[in-house]
Amino acid sequence: MLRAAGVGVGDEVVVPAFGNVEVAEAVAQVGALPVFADVDPVTYCLDAVAVEGAVTPRTVAVVVVHRFGRPANVARLHEVGERHGLLVLQQGETEAPYDEVAQRRERATYLDARLRGVRTPDGGDGHTYQQYVVRVPGNGRPDRDAFARALRGRGIECRVPVRTPLHRMPEFRRCVSLPQTELAADETLALPVDASLTKRDLQRMVSACNALGGLLQPAT
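Because the structure is predicted, anything quoted here is derived from the model rather than measured.

Reading guide: rules and limits
Residues numbered from 1 in each chain as written. Predicted model: local features only at pLDDT ≥ 70, side-chain atom pairs only at ≥ 80, totals over all residues. Heavy atoms only, no water. pLDDT = per-residue confidence, 0-100. Contact = heavy atoms within 4.5 Å. Helix = DSSP H or I, 4+ residues; strand = E, 2+ residues; numbered from the N terminus. Buried < 20%, exposed > 50% of the residue type's maximum accessible area, 1.4 Å probe, protein only. Polar contact = N/O pair within 3.5 Å; in protein donor to acceptor, adjacent residues only side chain to side chain. Salt bridge = Lys/Arg side-chain N within 4 Å of Asp/Glu carboxyl O.

Participant: Just give me the short version of the confidence of the model for the protein chain, but keep the residues and values in it.
Facilitator: In regions of low pLDDT, the predicted coordinates are not meant to be interpreted in detail. When the pLDDT values of the protein chain are averaged, the result is 91; 94% of them are 70 or greater. Throughout residues 216-220 the model reports pLDDT below 50, and contacts reaching past four residues in sequence, or to other chains, amount to twelve contacts.

Participant: Residues and numbers for the side chain of asparagine 20, please.
Facilitator: Examined against the element boundaries, asparagine 20 turns out to sit in the loop between strand 1 (12-16) and helix 1 (21-29). Of the residues examined, asparagine 20 reaches a relative accessible area of 14% and is grouped as buried. Looking at asparagine 20, its side chain comes within polar contact range of the side chain of arginine 67, at 2.5 Å. The residues contacting asparagine 20, other than those within four sequence positions of it, are Val65, Arg67, Gln91 and Leu166.

Participant: A description of the pattern of salt bridges should follow, citing residues and the corresponding values.
Facilitator: The tally for this structure, following the rule as stated, stands at eight salt bridges. When the shortest N-O distance is used, the salt bridge between aspartate 145 and arginine 163 registers 3.3 Å. Of the two residues, aspartate 145 is situated in helix 5 (residues 143-153) and arginine 163 in the loop between helix 5 and helix 6 (179-187); the sequence distance between them amounts to 18 residues. For arginine 163, a relative accessible area of 46% gives the class partly exposed. The salt bridge involving aspartate 186 is made with arginine 168; its shortest N-O contact spans 3.8 Å. With aspartate 186 in helix 6 and arginine 168 in the loop between helix 5 and helix 6, this pair connects stretches of sequence that are 18 residues apart.

Here it is in structure tokens:
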């Protein structure tokens, strides 16, 4: 899409640094420069204000990436695009069958109501819970990683969705302030909500998370 739109050498394209290395690579492959903007702390998608702040005279496009089943605020990003004459492209996520999405939402509702010691995801704007991503609050040490190790030790599957933001990677390293991206990379953890989970599995997950979460609260 970038090549078809005429994006090339000397152009800049605003992209998220929170995962999706293939997007930055696609920008580089057409000869343009990927410019990283911060994400919204609720959706983990590009923040419209941050995008506007990253625009320069060389900016020609923005690539919006939807994350974890939670859509970006495309309307606001299109407003930024219209103000600056930018092409706004979207990278969607694989759509799941309706029944599968309904099951994920049911499991997410169960977890939302029972999890303690972690911040549960915001379920607004048609969240499909492709991943159920919580925040493990820190207090100056890598609590998310300790929390994940402890969960796995109790037989609970979990994964860190984005361990290293793109602007920290050698091939895309930038000296840029992306506080929400950095915080999300340090705190987020994806818990399972797939259809194979039984009620007992969910109960075990809640018990394990709640037992650990109380020990990892930020100091007051």
